[in-house]
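Now for the letters of each chain:
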Amino acid sequence: MKLISRKHIIAAILLFFAFIPFAQSQSLYQNECTEISNDGHITLKIWNPEKGKKYKMEDAQKDAIRVILYNGIASNDQCVSQKPLLQNEKEKSYFERISKEFFKTNGNWQSYIHSSNLENALPDKVGEKNWNVYHISVDRTMLKKYLEEQEVIKPLNTGF
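This structure is a prediction, so every number in the text was calculated from the model and none was measured.

With that settled, the discussion passes to the confidence of the model for the chain. Caution applies to low-pLDDT parts of the model: their predicted coordinates are not meant to be read in detail. Summing up the model confidence of the chain, the mean pLDDT is 84 and the portion of residues at 70 or higher is 75%. Confidence over residues 18–26 falls short of pLDDT 50; this stretch has 1 contact with residues more than four positions distant or in other chains.

Let's shift gears to the pairing of strand β1 (residues 30–36). In this structure, β1 lies alongside strand β2 (residues 41–47), joined through 6 bridges in antiparallel fashion. Note on β2: the bridge partner recorded for Glu-35 is Thr-43. The antiparallel hairpin formed by β1 and β2 contains 4 residues in its connecting segment, where Gly-40 sits at a positive phi of about 95°.

Turning next to the environment of Leu-143. Note on placement: Leu-143 falls in helix α4 (residues 140–149). With a relative accessible area of 0%, Leu-143 lands in the buried category. Separated by 58 residues in the primary sequence, Leu-143 and Leu-85 place their C-alpha atoms 8.7 Å from one another.

A few words on the packing of helix α2 (residues 57–71) against α4. Running from amino to carboxyl end, α2 crosses α4 at an angle of 65°, the nearest separation of the two axes being 11 Å. α2 and α4 meet at a crossing whose hand is right-handed. Seen from α2, the contacting residues are Ile-65, Ile-68 and Leu-69; seen from α4, they are Arg-140, Leu-143 and Leu-147. A per-class count over the contact of α2 with α4 returns 5 nonpolar, no polar and 1 charged.

Moving on to helix α3 (residues 89–102). With 14 residues, α3 extends 18 Å from end C-alpha to end C-alpha; this agrees with the ideal 20 Å at 1.5 Å per step. Along its length, α3 reaches its greatest deviation from straightness, about 40°, at Glu-96. Within α3 the residues assigned to the buried category are Glu-91, Phe-95, Ser-99 and Phe-102. The secondary structure elements touched by the buried residues of α3 are α2 and α4. Where α3 begins, the side chain of Asn-88 points an oxygen toward the backbone nitrogen of Lys-90, at a separation of 3.1 Å.

Applying the stated criterion to the full structure yields 5 salt bridges. The partner of Lys-92 in a salt bridge is Glu-89, and the shortest N-O contact between them spans 3.8 Å. Remark: Glu-89 and Lys-92 occur in helix α3; sequence separation between them is 3 residues, near one turn of the helix. Taking relative accessible area as the criterion, Glu-89 reaches 59% and is therefore assigned exposed.

Conventions used here
- Residues numbered from 1 in each chain as written.
- Predicted model: local features only at pLDDT ≥ 70, side-chain atom pairs only at ≥ 80, totals over all residues.
- Heavy atoms only, no water.
- pLDDT = per-residue confidence, 0-100.
- Contact = heavy atoms within 4.5 Å.
- Pairing = 2+ DSSP bridges.
- Helix = DSSP H or I, 4+ residues; strand = E, 2+ residues; numbered from the N terminus.
- Buried < 20%, exposed > 50% of the residue type's maximum accessible area, 1.4 Å probe, protein only.
- Axes fitted to C-alpha atoms, helices over the stretch in contact; angles between N-to-C directions.
- Left-handed = near helix turned anticlockwise from the far one by under 90°.
- Nonpolar A, V, L, I, M, F, W, Y, C, P; charged D, E, K, R; others polar.
- Expected span 1.5 Å × (residues − 1).
- Bend = angle between axes of the 7 residues up to and from the residue.
- Polar contact = N/O pair within 3.5 Å; in protein donor to acceptor, adjacent residues only side chain to side chain.
- Salt bridge = Lys/Arg side-chain N within 4 Å of Asp/Glu carboxyl O.

So, in structure tokens, the structure goes:
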């Protein structure tokens with residue numbers, strides 16, 4: 001009987017953990033940028049087709065921050081495209097270390113939500129569906145500053 005080598009065990013463990021963040025980040029929320037202000041706030045309409053009317057404000061707020069962190073903003077009539085704050089796997093990995101603390105019930109994420117409300121006008125993508133659509137403004141500038149302070153991302157003035 002052959003013994004499984006250490007390399008195989010380590011590779012299997014790394015492969016297992018590599019898919020955990022991917023599995024956790026799978027969400028069906030959708031968003032549409034409505035405004036990017038000069039003071040660094042990005043306002044989004046955000047909804048979740050899977051949850052529909054059960055989509056809660058707090059979930060929408062956290063998802064809006066995830067859009068800024070992981071997805072960035074797609075260009076449309078109201079907004080120019082914005083790159084995500086976490087632009088590579090190293091930065092995403094560093095953020096994953098603090099994300100549980102960041103997104104806890106009374107976590108730091110709340111300080112980056114400028115405003116939020118239940119939207120009355122549904123985006124064209126939603127159509128006649130009976131979904132909760134939220135209008136949420138995220139302070140991208142302060143969120144970026146926080147990530148720099150936590151050494152998740154490097155400030156632009158640090159060089160290469």
